[in-house]
2 protein chains.
Amino acid sequence: MAGDAGFAETRGRLLSAALEVFAERGYRAATFKEICGRAGTNPAAINYHFRDKLHLYLAVIEQGLAELQRRSDILDDDPTAPPRQRLRHFIGAVFRRLIGQESPSALLRLMACEMVEPTAGLDVIIQRAFLPAFEHLCGIIADLSGRRPDDPITKDCALSVFGQCVFFHHARPIISKIKYPKYDLPVLEHLIEHTFRFVEAGIRAVAGQEAVRFGTAQIECTS
Amino acid sequence: MAGDAGFAETRGRLLSAALEVFAERGYRAATFKEICGRAGTNPAAINYHFRDKLHLYLAVIEQGLAELQRRSDILDDDPTAPPRQRLRHFIGAVFRRLIGQESPSALLRLMACEMVEPTAGLDVIIQRAFLPAFEHLCGIIADLSGRRPDDPITKDCALSVFGQCVFFHHARPIISKIKYPKYDLPVLEHLIEHTFRFVEAGIRAVAGQEAVRFGTAQIECTS
DNA sequence: GTGCGATTGAAAACCATGTTTCAATTGGAG
DNA sequence: CTCCAATTGAAACATGGTTTTCAATCGCAC
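Presented here is an overview of the structure given in this document. Along each chain, the written sequence defines residue order, and numbers are assigned to residues from 1. Naming scheme: in the order in which they are written, chains are lettered from A and ligands are numbered from 1. A pLDDT threshold of at least 70 governs which residues receive local features in this predicted model, and a stricter bar of 80 or more applies before side-chain atom pairs are shown or counted, although totals over entire chains, interfaces and linings include all residues. Only hydrogens and water are set aside; all other atoms, that is, all heavy atoms of the structure, feed into the side-chain values.

### Considerations on the interface of chain A and chain B
Okay, step 1: Contact with chain A, which involves 48 residues of that partner, is made by 47 residues of chain B.
Okay, step 2: Buried area counts how much accessible surface, traced with a 1.4 Å probe, disappears from two parts once they are put together, with both parts' losses summed. Of the roughly 4500 Å² buried between chain A and chain B, counting both surfaces, carbon and sulfur atoms make up 75%.
Okay, step 3: Salt-bridge detection follows one rule: a side-chain nitrogen of Lys or Arg within 4 Å of a carboxyl oxygen of Asp or Glu. Across the contact surface, chain A and chain B share 4 salt bridges.
Okay, step 4: The residue B:Asp156 makes a salt bridge to A:Lys179 at a minimum N-O spacing of 2.8 Å.
Okay, step 5: We define a polar contact as two N or O atoms separated by no more than 3.5 Å, with the added condition that, inside protein, one atom must be a possible hydrogen donor and the other a possible acceptor, whereas residues neighbouring each other in sequence contribute only through side-chain atom pairs. There are 16 residue pairs in polar contact (both at pLDDT 80 or more) connecting chain A and chain B.
Okay, step 6: Numbering of helices and strands runs from the N terminus; a helix is a DSSP stretch of H or I covering at least four residues, while a strand is a stretch of E covering at least two. Mapped onto the side of chain A that touches chain B, the elements with two or more residues apiece are α1 (7–29), α6 (105–116), α7 (122–145), α8 (152–170), α9 (172–178), α10 (185–207) and α11 (211–222) of chain A.
Okay, step 7: With 14 residues, α8(A) is the single largest residue contributor to the side of chain A that touches chain B.
Okay, step 8: In the side of chain A that touches chain B, the residues fall into 32 nonpolar, 8 polar and 8 charged. The contact criterion used is simple: two residues touch if any of their non-hydrogen atoms lie within 4.5 Å. The nonpolar class holds Ala, Val, Leu, Ile, Met, Phe, Trp, Tyr, Cys and Pro. Asp, Glu, Lys and Arg form the charged class, and all remaining residues, Gly among them, are polar.

In C-alpha coordinates:
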(Lines give C-alpha, C1' and ligand atoms only; values in the text may rest on other atoms or scores of the structure.)
Protein backbone atom coordinates (compact mmCIF):
# COMPACT_ATOMS: atom_id res chain seq x y z
CA MET A 1 0.00 0.00 0.00
CA ALA A 2 0.92 3.64 -0.24
CA GLY A 3 -0.43 7.13 0.38
CA ASP A 4 -0.22 8.80 3.74
CA ALA A 5 -3.76 7.93 4.67
CA GLY A 6 -4.18 4.29 3.83
CA PHE A 7 -6.91 2.39 2.10
CA ALA A 8 -9.44 2.00 4.89
CA GLU A 9 -8.87 5.52 6.13
CA THR A 10 -9.84 7.41 2.97
CA ARG A 11 -12.52 4.90 2.13
CA GLY A 12 -14.04 5.56 5.52
CA ARG A 13 -13.82 9.32 5.15
CA LEU A 14 -15.52 9.08 1.78
CA LEU A 15 -18.31 6.94 3.19
CA SER A 16 -18.96 9.33 6.04
CA ALA A 17 -18.91 12.42 3.87
CA ALA A 18 -21.10 10.78 1.26
CA LEU A 19 -23.59 9.64 3.86
CA GLU A 20 -23.94 13.21 5.07
CA VAL A 21 -24.28 14.75 1.64
CA PHE A 22 -26.65 12.14 0.27
CA ALA A 23 -28.81 12.47 3.35
CA GLU A 24 -28.90 16.24 3.02
CA ARG A 25 -29.45 16.60 -0.70
CA GLY A 26 -30.69 13.27 -2.03
CA TYR A 27 -28.96 11.12 -4.58
CA ARG A 28 -29.29 13.28 -7.61
CA ALA A 29 -28.44 16.64 -6.11
CA ALA A 30 -25.40 15.36 -4.26
CA THR A 31 -22.21 16.24 -6.13
CA PHE A 32 -18.71 14.83 -6.12
CA LYS A 33 -17.43 18.29 -5.45
CA GLU A 34 -19.15 18.51 -2.11
CA ILE A 35 -18.48 14.94 -1.09
CA CYS A 36 -14.80 15.15 -1.94
CA GLY A 37 -14.58 18.56 -0.35
CA ARG A 38 -15.79 17.21 2.98
CA ALA A 39 -13.74 14.03 2.69
CA GLY A 40 -10.60 15.86 1.59
CA THR A 41 -10.02 13.61 -1.39
CA ASN A 42 -10.07 13.68 -5.16
CA PRO A 43 -12.91 12.55 -7.38
CA ALA A 44 -10.56 9.79 -8.53
CA ALA A 45 -10.74 8.26 -5.08
CA ILE A 46 -14.43 7.64 -5.54
CA ASN A 47 -13.78 5.84 -8.76
CA TYR A 48 -10.96 3.87 -7.20
CA HIS A 49 -12.81 2.77 -4.07
CA PHE A 50 -16.38 2.52 -5.34
CA ARG A 51 -16.33 2.52 -9.14
CA ASP A 52 -18.97 5.27 -9.55
CA LYS A 53 -21.61 7.39 -7.88
CA LEU A 54 -24.23 4.68 -7.77
CA HIS A 55 -21.96 2.15 -6.12
CA LEU A 56 -20.77 4.72 -3.64
CA TYR A 57 -24.39 5.34 -2.81
CA LEU A 58 -25.14 1.65 -2.38
CA ALA A 59 -22.10 1.30 -0.14
CA VAL A 60 -23.34 4.24 1.90
CA ILE A 61 -26.69 2.55 2.34
CA GLU A 62 -24.97 -0.67 3.31
CA GLN A 63 -22.92 1.13 5.94
CA GLY A 64 -25.92 3.02 7.21
CA LEU A 65 -27.88 -0.19 7.59
CA ALA A 66 -25.03 -1.85 9.44
CA GLU A 67 -24.76 1.08 11.83
CA LEU A 68 -28.50 1.05 12.27
CA GLN A 69 -28.49 -2.59 13.24
CA ARG A 70 -25.66 -2.05 15.68
CA ARG A 71 -27.24 0.78 17.61
CA SER A 72 -30.94 0.94 17.01
CA ASP A 73 -33.06 2.41 19.73
CA ILE A 74 -36.17 2.24 17.58
CA LEU A 75 -36.80 -1.47 17.73
CA ASP A 76 -35.27 -2.42 21.05
CA ASP A 77 -37.95 -1.50 23.50
CA ASP A 78 -39.48 -3.58 26.24
CA PRO A 79 -42.17 -5.77 24.65
CA THR A 80 -43.85 -6.21 28.01
CA ALA A 81 -44.28 -2.48 28.58
CA PRO A 82 -47.74 -1.01 28.05
CA PRO A 83 -48.36 -0.25 24.37
CA ARG A 84 -48.88 3.46 24.94
CA GLN A 85 -45.40 3.70 26.38
CA ARG A 86 -43.95 1.73 23.49
CA LEU A 87 -45.70 3.95 20.98
CA ARG A 88 -44.32 7.02 22.65
CA HIS A 89 -40.85 5.52 22.66
CA PHE A 90 -41.14 4.70 18.96
CA ILE A 91 -42.28 8.17 17.98
CA GLY A 92 -39.59 9.79 20.06
CA ALA A 93 -36.90 7.63 18.51
CA VAL A 94 -38.03 8.37 14.96
CA PHE A 95 -38.29 12.10 15.61
CA ARG A 96 -34.88 12.27 17.19
CA ARG A 97 -33.39 10.33 14.33
CA LEU A 98 -34.98 12.45 11.66
CA ILE A 99 -34.42 15.79 13.24
CA GLY A 100 -31.72 15.44 15.85
CA GLN A 101 -28.02 15.44 15.19
CA GLU A 102 -27.22 11.97 16.43
CA SER A 103 -25.07 9.91 14.13
CA PRO A 104 -27.39 7.16 12.98
CA SER A 105 -29.89 9.77 11.88
CA ALA A 106 -28.45 9.95 8.41
CA LEU A 107 -29.90 6.70 7.17
CA LEU A 108 -33.39 7.68 8.19
CA ARG A 109 -33.02 11.00 6.46
CA LEU A 110 -31.73 9.15 3.45
CA MET A 111 -34.82 6.99 3.58
CA ALA A 112 -36.89 10.14 3.62
CA CYS A 113 -35.12 11.27 0.46
CA GLU A 114 -35.82 7.92 -1.19
CA MET A 115 -39.51 8.41 -0.56
CA VAL A 116 -39.56 11.47 -2.74
CA GLU A 117 -36.97 10.50 -5.32
CA PRO A 118 -36.61 6.73 -5.43
CA THR A 119 -33.40 5.19 -6.72
CA ALA A 120 -31.96 1.74 -7.10
CA GLY A 121 -31.31 1.77 -3.37
CA LEU A 122 -34.96 1.99 -2.43
CA ASP A 123 -35.61 -1.73 -2.36
CA VAL A 124 -32.84 -2.61 0.02
CA ILE A 125 -33.76 0.28 2.29
CA ILE A 126 -37.37 -0.82 2.37
CA GLN A 127 -36.50 -4.44 3.03
CA ARG A 128 -33.93 -3.92 5.73
CA ALA A 129 -34.81 -0.61 7.39
CA PHE A 130 -38.36 0.40 6.67
CA LEU A 131 -40.17 -2.93 6.87
CA PRO A 132 -38.70 -3.96 10.24
CA ALA A 133 -39.61 -0.61 11.72
CA PHE A 134 -43.01 -0.70 10.07
CA GLU A 135 -43.80 -4.16 11.37
CA HIS A 136 -42.59 -3.21 14.79
CA LEU A 137 -44.95 -0.27 14.70
CA CYS A 138 -47.78 -2.50 13.51
CA GLY A 139 -47.15 -4.70 16.52
CA ILE A 140 -47.45 -1.76 18.86
CA ILE A 141 -50.61 -0.56 17.17
CA ALA A 142 -52.05 -4.05 17.33
CA ASP A 143 -51.48 -4.15 21.06
CA LEU A 144 -53.03 -0.75 21.40
CA SER A 145 -56.11 -1.43 19.31
CA GLY A 146 -56.77 -5.10 19.77
CA ARG A 147 -56.51 -5.79 16.06
CA ARG A 148 -54.06 -8.13 14.41
CA PRO A 149 -50.70 -6.74 13.25
CA ASP A 150 -51.41 -7.64 9.63
CA ASP A 151 -54.92 -6.20 9.64
CA PRO A 152 -55.23 -3.66 6.80
CA ILE A 153 -56.55 -1.09 9.24
CA THR A 154 -53.54 -1.59 11.46
CA LYS A 155 -51.31 -0.92 8.47
CA ASP A 156 -53.22 2.21 7.54
CA CYS A 157 -52.65 3.51 11.03
CA ALA A 158 -48.98 2.66 10.89
CA LEU A 159 -48.67 4.64 7.67
CA SER A 160 -50.39 7.58 9.32
CA VAL A 161 -48.05 7.48 12.30
CA PHE A 162 -45.04 7.31 10.05
CA GLY A 163 -46.43 10.10 7.95
CA GLN A 164 -46.76 12.39 10.94
CA CYS A 165 -43.14 11.91 11.89
CA VAL A 166 -41.78 12.22 8.37
CA PHE A 167 -43.81 15.32 7.61
CA PHE A 168 -42.31 17.34 10.43
CA HIS A 169 -38.93 16.52 8.99
CA HIS A 170 -39.74 16.96 5.31
CA ALA A 171 -41.73 20.12 5.45
CA ARG A 172 -39.27 21.95 7.63
CA PRO A 173 -38.75 24.72 5.05
CA ILE A 174 -42.43 25.55 5.29
CA ILE A 175 -42.92 24.80 8.96
CA SER A 176 -40.05 27.06 9.87
CA LYS A 177 -41.89 29.94 8.23
CA ILE A 178 -45.26 29.08 9.72
CA LYS A 179 -44.57 28.27 13.30
CA TYR A 180 -41.26 26.78 14.47
CA PRO A 181 -38.29 28.78 13.16
CA LYS A 182 -35.97 26.12 14.43
CA TYR A 183 -36.17 22.69 15.98
CA ASP A 184 -34.31 23.00 19.23
CA LEU A 185 -34.66 20.47 21.99
CA PRO A 186 -37.77 21.90 23.70
CA VAL A 187 -39.58 22.19 20.38
CA LEU A 188 -38.58 18.65 19.52
CA GLU A 189 -39.97 17.34 22.79
CA HIS A 190 -43.14 19.32 22.28
CA LEU A 191 -43.61 17.89 18.78
CA ILE A 192 -43.05 14.38 20.06
CA GLU A 193 -45.64 14.85 22.76
CA HIS A 194 -48.10 16.41 20.37
CA THR A 195 -47.64 13.70 17.77
CA PHE A 196 -47.96 10.98 20.34
CA ARG A 197 -51.26 12.25 21.66
CA PHE A 198 -52.57 12.97 18.20
CA VAL A 199 -51.83 9.58 16.70
CA GLU A 200 -52.79 7.64 19.78
CA ALA A 201 -56.29 9.05 19.54
CA GLY A 202 -56.29 8.50 15.79
CA ILE A 203 -55.36 4.86 16.22
CA ARG A 204 -58.04 4.28 18.80
CA ALA A 205 -60.66 5.95 16.65
CA VAL A 206 -59.81 4.13 13.45
CA ALA A 207 -58.60 0.78 14.70
CA GLY A 208 -60.15 0.47 18.16
CA GLN A 209 -62.71 -2.27 18.13
CA GLU A 210 -65.07 -1.09 20.82
CA ALA A 211 -66.09 2.47 21.58
CA VAL A 212 -66.13 1.73 25.29
CA ARG A 213 -62.53 0.68 25.46
CA PHE A 214 -61.62 3.78 23.52
CA GLY A 215 -63.65 6.15 25.62
CA THR A 216 -62.28 5.05 28.96
CA ALA A 217 -58.70 4.92 27.78
CA GLN A 218 -58.95 8.41 26.40
CA ILE A 219 -60.44 9.95 29.51
CA GLU A 220 -57.78 8.35 31.62
CA CYS A 221 -55.20 9.89 29.31
CA THR A 222 -56.57 13.40 28.90
CA SER A 223 -57.61 14.26 32.37
CA MET B 1 -45.93 40.21 -34.38
CA ALA B 2 -45.01 37.20 -36.43
CA GLY B 3 -44.78 33.42 -36.29
CA ASP B 4 -47.69 31.14 -37.03
CA ALA B 5 -48.63 30.72 -33.40
CA GLY B 6 -48.59 34.19 -31.94
CA PHE B 7 -47.14 35.55 -28.75
CA ALA B 8 -49.81 34.58 -26.25
CA GLU B 9 -50.32 31.19 -27.84
CA THR B 10 -46.77 29.81 -27.43
CA ARG B 11 -46.34 31.58 -24.15
CA GLY B 12 -49.42 29.81 -22.91
CA ARG B 13 -48.29 26.42 -24.19
CA LEU B 14 -44.95 26.91 -22.47
CA LEU B 15 -46.63 27.81 -19.20
CA SER B 16 -48.89 24.77 -19.27
CA ALA B 17 -46.11 22.38 -20.18
CA ALA B 18 -43.78 23.86 -17.60
CA LEU B 19 -46.42 23.68 -14.90
CA GLU B 20 -46.84 19.97 -15.56
CA VAL B 21 -43.15 19.18 -15.67
CA PHE B 22 -42.21 21.26 -12.65
CA ALA B 23 -45.03 19.67 -10.68
CA GLU B 24 -43.90 16.20 -11.66
CA ARG B 25 -40.17 16.53 -11.22
CA GLY B 26 -39.50 19.57 -9.09
CA TYR B 27 -37.56 22.64 -10.13
CA ARG B 28 -34.13 21.20 -10.44
CA ALA B 29 -34.94 17.94 -12.17
CA ALA B 30 -37.18 19.58 -14.74
CA THR B 31 -35.36 20.05 -18.04
CA PHE B 32 -35.86 22.34 -21.00
CA LYS B 33 -35.88 19.31 -23.23
CA GLU B 34 -39.00 17.89 -21.65
CA ILE B 35 -40.77 21.22 -21.30
CA CYS B 36 -40.09 22.24 -24.87
CA GLY B 37 -40.98 18.75 -26.06
CA ARG B 38 -44.43 18.98 -24.55
CA ALA B 39 -44.93 22.57 -25.59
CA GLY B 40 -43.65 21.99 -29.11
CA THR B 41 -41.23 24.90 -29.01
CA ASN B 42 -37.53 25.61 -28.96
CA PRO B 43 -35.43 26.36 -25.91
CA ALA B 44 -35.01 29.83 -27.35
CA ALA B 45 -38.68 30.49 -26.77
CA ILE B 46 -38.13 30.14 -23.04
CA ASN B 47 -35.41 32.70 -23.15
CA TYR B 48 -37.51 35.00 -25.27
CA HIS B 49 -40.69 34.83 -23.22
CA PHE B 50 -39.32 34.35 -19.73
CA ARG B 51 -35.61 35.20 -19.78
CA ASP B 52 -34.48 31.98 -18.01
CA LYS B 53 -35.53 28.89 -16.11
CA LEU B 54 -36.09 30.67 -12.81
CA HIS B 55 -38.35 33.32 -14.29
CA LEU B 56 -40.29 30.68 -16.19
CA TYR B 57 -40.78 28.93 -12.88
CA LEU B 58 -41.96 32.08 -11.14
CA ALA B 59 -44.38 32.75 -13.97
CA VAL B 60 -45.65 29.20 -13.63
CA ILE B 61 -46.29 29.77 -9.95
CA GLU B 62 -48.07 33.01 -10.74
CA GLN B 63 -50.32 31.29 -13.24
CA GLY B 64 -50.98 28.38 -10.90
CA LEU B 65 -51.98 30.78 -8.14
CA ALA B 66 -54.30 32.64 -10.46
CA GLU B 67 -55.98 29.41 -11.54
CA LEU B 68 -56.21 28.34 -7.93
CA GLN B 69 -58.03 31.52 -6.99
CA ARG B 70 -60.40 31.15 -9.89
CA ARG B 71 -61.55 27.62 -9.15
CA SER B 72 -60.70 26.61 -5.64
CA ASP B 73 -62.87 23.97 -4.07
CA ILE B 74 -60.68 23.83 -0.98
CA LEU B 75 -61.68 27.09 0.58
CA ASP B 76 -65.21 27.56 -0.69
CA ASP B 77 -67.22 25.39 1.60
CA ASP B 78 -70.31 26.27 3.56
CA PRO B 79 -69.18 28.04 6.76
CA THR B 80 -72.45 27.17 8.43
CA ALA B 81 -72.07 23.44 7.87
CA PRO B 82 -71.02 21.33 10.87
CA PRO B 83 -67.25 21.38 11.35
CA ARG B 84 -66.86 17.63 10.88
CA GLN B 85 -68.36 17.91 7.43
CA ARG B 86 -66.14 20.86 6.59
CA LEU B 87 -63.06 18.96 7.76
CA ARG B 88 -63.98 16.01 5.60
CA HIS B 89 -64.52 18.29 2.64
CA PHE B 90 -61.15 19.90 3.17
CA ILE B 91 -59.28 16.61 3.41
CA GLY B 92 -61.04 15.25 0.37
CA ALA B 93 -60.21 18.34 -1.65
CA VAL B 94 -56.53 18.24 -0.70
CA PHE B 95 -56.23 14.52 -1.41
CA ARG B 96 -57.91 14.82 -4.77
CA ARG B 97 -55.71 17.72 -5.69
CA LEU B 98 -52.52 16.01 -4.65
CA ILE B 99 -53.27 12.63 -6.08
CA GLY B 100 -56.05 12.99 -8.60
CA GLN B 101 -55.71 14.18 -12.17
CA GLU B 102 -57.81 17.31 -12.00
CA SER B 103 -56.27 20.35 -13.57
CA PRO B 104 -55.64 22.68 -10.65
CA SER B 105 -53.77 19.90 -8.90
CA ALA B 106 -50.45 20.95 -10.32
CA LEU B 107 -49.91 23.90 -8.01
CA LEU B 108 -50.49 21.81 -4.94
CA ARG B 109 -48.04 19.21 -6.18
CA LEU B 110 -45.62 21.98 -6.89
CA MET B 111 -46.07 23.16 -3.34
CA ALA B 112 -45.27 19.67 -2.18
CA CYS B 113 -42.05 19.80 -4.18
CA GLU B 114 -41.15 23.13 -2.61
CA MET B 115 -41.44 21.57 0.83
CA VAL B 116 -38.63 19.19 0.05
CA GLU B 117 -36.53 21.37 -2.19
CA PRO B 118 -37.25 25.01 -1.50
CA THR B 119 -36.52 27.59 -4.18
CA ALA B 120 -37.01 31.30 -4.64
CA GLY B 121 -40.68 30.61 -5.28
CA LEU B 122 -41.34 29.25 -1.82
CA ASP B 123 -42.23 32.54 -0.21
CA VAL B 124 -44.91 33.52 -2.67
CA ILE B 125 -46.39 30.03 -2.57
CA ILE B 126 -46.53 30.13 1.20
CA GLN B 127 -48.08 33.56 1.29
CA ARG B 128 -50.71 33.10 -1.35
CA ALA B 129 -51.50 29.38 -1.39
CA PHE B 130 -50.39 27.69 1.78
CA LEU B 131 -51.31 30.30 4.37
CA PRO B 132 -54.89 30.81 3.17
CA ALA B 133 -55.49 27.06 3.15
CA PHE B 134 -53.74 26.73 6.49
CA GLU B 135 -55.81 29.44 8.11
CA HIS B 136 -58.97 28.00 6.65
CA LEU B 137 -58.03 24.67 8.18
CA CYS B 138 -57.30 26.35 11.50
CA GLY B 139 -60.78 27.81 11.41
CA ILE B 140 -62.33 24.40 10.92
CA ILE B 141 -60.24 22.92 13.70
CA ALA B 142 -61.17 25.78 15.96
CA ASP B 143 -64.85 25.10 15.39
CA LEU B 144 -64.26 21.44 16.02
CA SER B 145 -62.25 21.83 19.20
CA GLY B 146 -63.57 25.01 20.75
CA ARG B 147 -60.16 26.62 20.73
CA ARG B 148 -59.26 29.84 18.99
CA PRO B 149 -57.97 29.66 15.41
CA ASP B 150 -54.65 31.23 16.38
CA ASP B 151 -54.12 29.02 19.40
CA PRO B 152 -50.72 27.27 19.10
CA ILE B 153 -52.39 23.93 19.68
CA THR B 154 -54.81 24.58 16.87
CA LYS B 155 -51.87 25.25 14.60
CA ASP B 156 -50.10 22.08 15.66
CA CYS B 157 -53.20 20.13 14.73
CA ALA B 158 -53.45 21.88 11.39
CA LEU B 159 -49.87 20.91 10.64
CA SER B 160 -50.65 17.32 11.53
CA VAL B 161 -53.67 17.24 9.26
CA PHE B 162 -51.69 18.71 6.41
CA GLY B 163 -48.91 16.26 7.11
CA GLN B 164 -51.22 13.30 6.79
CA CYS B 165 -52.44 14.41 3.39
CA VAL B 166 -49.04 15.32 2.06
CA PHE B 167 -47.44 12.11 3.25
CA PHE B 168 -49.75 9.89 1.25
CA HIS B 169 -48.75 11.85 -1.81
CA HIS B 170 -45.04 12.15 -1.12
CA ALA B 171 -44.29 8.68 0.05
CA ARG B 172 -46.07 7.00 -2.81
CA PRO B 173 -42.94 5.16 -3.96
CA ILE B 174 -42.74 3.44 -0.61
CA ILE B 175 -46.46 3.10 0.02
CA SER B 176 -46.91 1.43 -3.34
CA LYS B 177 -44.52 -1.29 -2.25
CA ILE B 178 -46.01 -1.66 1.20
CA LYS B 179 -49.70 -1.62 0.66
CA TYR B 180 -51.37 0.29 -2.17
CA PRO B 181 -49.76 -0.53 -5.54
CA LYS B 182 -51.78 2.22 -7.15
CA TYR B 183 -54.10 5.00 -6.11
CA ASP B 184 -57.27 4.36 -8.04
CA LEU B 185 -60.53 5.95 -7.09
CA PRO B 186 -61.68 3.43 -4.46
CA VAL B 187 -58.30 3.54 -2.74
CA LEU B 188 -58.38 7.32 -2.82
CA GLU B 189 -61.80 7.38 -1.18
CA HIS B 190 -60.66 4.88 1.41
CA LEU B 191 -57.61 6.97 2.26
CA ILE B 192 -59.73 10.08 2.58
CA GLU B 193 -62.12 8.32 4.93
CA HIS B 194 -59.27 6.84 6.97
CA THR B 195 -57.45 10.15 7.22
CA PHE B 196 -60.60 11.99 8.18
CA ARG B 197 -61.41 9.62 11.02
CA PHE B 198 -57.81 9.50 12.16
CA VAL B 199 -57.23 13.22 12.34
CA GLU B 200 -60.66 14.04 13.69
CA ALA B 201 -59.89 11.92 16.72
CA GLY B 202 -56.39 13.37 16.93
CA ILE B 203 -57.75 16.89 16.93
CA ARG B 204 -60.27 16.13 19.64
CA ALA B 205 -57.66 14.45 21.78
CA VAL B 206 -55.04 17.16 21.46
CA ALA B 207 -57.13 20.29 21.13
CA GLY B 208 -60.46 19.33 22.65
CA GLN B 209 -61.00 21.26 25.83
CA GLU B 210 -63.12 18.87 27.81
CA ALA B 211 -62.89 15.11 27.90
CA VAL B 212 -66.66 14.85 28.09
CA ARG B 213 -67.26 16.66 24.87
CA PHE B 214 -64.66 14.47 23.28
CA GLY B 215 -66.02 11.22 24.60
CA THR B 216 -69.58 11.79 23.46
CA ALA B 217 -68.57 13.08 20.07
CA GLN B 218 -66.37 10.08 19.52
CA ILE B 219 -68.94 7.53 20.47
CA GLU B 220 -71.47 9.16 18.24
CA CYS B 221 -68.96 8.96 15.42
CA THR B 222 -67.61 5.46 15.86
CA SER B 223 -70.74 3.52 16.59
C1' DG C 1 -44.62 45.86 -52.49
C1' DT C 2 -41.15 47.26 -49.12
C1' DG C 3 -39.33 47.69 -44.77
C1' DC C 4 -39.67 46.90 -39.91
C1' DG C 5 -40.11 44.86 -35.57
C1' DA C 6 -41.74 40.76 -33.37
C1' DT C 7 -41.14 35.85 -33.03
C1' DT C 8 -39.10 31.44 -33.88
C1' DG C 9 -35.79 27.50 -35.28
C1' DA C 10 -31.25 25.61 -35.66
C1' DA C 11 -27.09 25.52 -33.90
C1' DA C 12 -23.40 26.81 -31.09
C1' DA C 13 -21.37 28.30 -26.69
C1' DC C 14 -21.14 27.74 -22.06
C1' DC C 15 -21.21 25.52 -17.72
C1' DA C 16 -21.49 21.96 -14.25
C1' DT C 17 -21.06 17.21 -13.35
C1' DG C 18 -19.53 12.39 -13.50
C1' DT C 19 -15.93 9.61 -15.28
C1' DT C 20 -11.44 8.38 -16.93
C1' DT C 21 -6.59 8.74 -17.69
C1' DC C 22 -2.01 8.99 -16.37
C1' DA C 23 1.82 10.23 -14.03
C1' DA C 24 3.57 10.90 -9.34
C1' DT C 25 4.01 9.25 -4.71
C1' DT C 26 4.36 6.03 -1.12
C1' DG C 27 5.40 1.93 1.79
C1' DG C 28 6.85 -2.50 1.90
C1' DA C 29 9.09 -7.05 -0.23
C1' DG C 30 13.00 -9.03 -1.93
C1' DC D 1 18.72 -0.18 -2.64
C1' DT D 2 15.49 -1.34 -6.05
C1' DC D 3 11.37 -2.73 -7.71
C1' DC D 4 6.49 -3.22 -7.38
C1' DA D 5 1.84 -2.64 -6.53
C1' DA D 6 -1.35 0.24 -4.19
C1' DT D 7 -3.09 4.72 -3.84
C1' DT D 8 -3.69 9.47 -4.91
C1' DG D 9 -3.64 14.23 -7.31
C1' DA D 10 -4.04 17.00 -11.39
C1' DA D 11 -5.92 17.46 -15.40
C1' DA D 12 -8.46 15.86 -19.53
C1' DC D 13 -12.77 14.01 -21.28
C1' DA D 14 -17.68 13.13 -22.09
C1' DT D 15 -22.20 14.19 -21.27
C1' DG D 16 -26.27 16.61 -20.36
C1' DG D 17 -28.46 20.92 -19.42
C1' DT D 18 -29.00 25.98 -19.85
C1' DT D 19 -28.26 30.09 -22.17
C1' DT D 20 -27.00 32.83 -26.13
C1' DT D 21 -26.46 33.93 -30.83
C1' DC D 22 -28.03 34.73 -35.30
C1' DA D 23 -30.28 34.21 -39.31
C1' DA D 24 -34.88 33.12 -41.19
C1' DT D 25 -39.75 33.97 -41.07
C1' DC D 26 -43.96 36.31 -40.63
C1' DG D 27 -47.65 40.04 -40.16
C1' DC D 28 -48.46 44.53 -40.37
C1' DA D 29 -47.79 49.80 -41.35
C1' DC D 30 -46.83 52.66 -44.79
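Continuing now.
### A word on the layout of surface pockets
Okay, step 1: Of the volumes computed, that of the largest pocket is approximately 1400 Å³.
Okay, step 2: As for the largest pocket, its lining consists of 43 residues, and the residues nearest its centre are A:Arg25, A:Cys113, A:Val116, A:Glu117 and B:Val116.
Okay, step 3: When residues of the lining of the largest pocket are assigned to their parent elements, the largest contribution, 9 residues, is made by α1(A).
Okay, step 4: Of the residues belonging to the lining of the largest pocket, the class tally is 18 nonpolar, 10 polar and 15 charged. Throughout, the protein atoms alone are placed on a 1 Å grid, and a set of points is a cavity if a 1.4 Å probe fits but cannot get out or a pocket if it is open with protein on both sides within 12 Å along at least five of seven lines; lining residues have an atom within 4 Å of a point. Grid points are joined across faces, edges and corners, and a volume is the space filled by probe spheres set on the points.

### Quick look at the pattern of salt bridges
Residues and elements named next belong to chain B.
Okay, step 1: Counted by the stated rule, this structure contains 30 salt bridges over all chains.
Okay, step 2: Residue Glu9 pairs with Arg13 through a salt bridge whose shortest N-O separation is 2.9 Å. Within this pair, Glu9 and its partner Arg13 are both found in helix α1 (residues 7–29), separated by 4 residues, close to a single helical turn.
Okay, step 3: Measuring nitrogen to oxygen at the nearest pair gives 2.8 Å for the salt bridge that ties Glu200 to Arg204. Within this pair, Glu200 and its partner Arg204 are both found in helix α10 (residues 185–207), separated by 4 residues, close to a single helical turn.

### Some remarks on the packing of α7(A) against α10(A)
Residue and element names in this part refer to chain A.
Okay, step 1: In this analysis, axes come from line fits to C-alpha atoms, helices being fitted only over the stretch in contact, and the angle between any two N-to-C directions falls in the range 0 to 180 degrees. At a minimum axis separation of 10 Å, α7 and α10 run at an interaxial angle of 65°. Compared by their axis directions, α7 and α10 come out roughly perpendicular. The two elements α7 and α10 meet at a crossing, and its hand is right-handed. Residues Ile141, Leu144 and Ser145 of α7 lie in contact with α10, whose contacting residues are Glu200, Ile203, Arg204 and Ala207. Throughout, the term roughly parallel applies to angles under 35 degrees, roughly antiparallel to angles over 145, roughly perpendicular to angles from 65 to 115, and oblique to all others. Working rule for handedness: look at the near helix, and if it is turned counterclockwise from the far one by less than a right angle, call the crossing left-handed; if clockwise, right-handed.

### Quick look at empty space enclosed by the protein
The rolling of a water-molecule-sized probe over the atoms marks out the regions of remaining empty space.
Okay, step 1: Applying the stated criterion across every chain yields a total of 6 cavities of 30 Å³ or more.
Okay, step 2: Estimates place the volume of the largest cavity at around 50 Å³.
Okay, step 3: Around the largest cavity sit A:Met115, A:Gly163, A:Val166, A:Phe167, A:His170, B:Gly163, B:Val166, B:Phe167, B:His170 and B:Ala171, which together line it.
Okay, step 4: Secondary structure elements with two or more residues in the lining of the largest cavity: α8 of chain A together with α8 (152–170) of chain B.
Okay, step 5: For the lining of the largest cavity, the class distribution of residues is 6 nonpolar, 4 polar and no charged.

### Brief notes about the packing of aromatic side chains
Residues and elements named next belong to chain B.
Okay, step 1: Pairing of aromatic rings covers Phe, Tyr and the six-membered ring of Trp, with a centre-to-centre limit of 6.5 Å; geometry is then stacked below 30 degrees between planes, edge-to-face above 60, and tilted otherwise. Tallied over the full model, the rule gives 16 aromatic pairs over all chains.
Okay, step 2: A ring pair is formed by Phe95 and Phe168, whose centres lie 6.0 Å apart and whose planes are at 40°; its orientation type is tilted. Here Phe168 lies in helix α8 and Phe95 lies in helix α5 (residues 83–99), a separation of 73 residues in the sequence. Both residues of the pair, Phe95 and Phe168, belong to the buried class. When a residue's accessible area, from a 1.4 Å probe over protein chains only, is under 20% of the maximum for its type it is buried; when over 50% it is exposed; and in between it is partly exposed.

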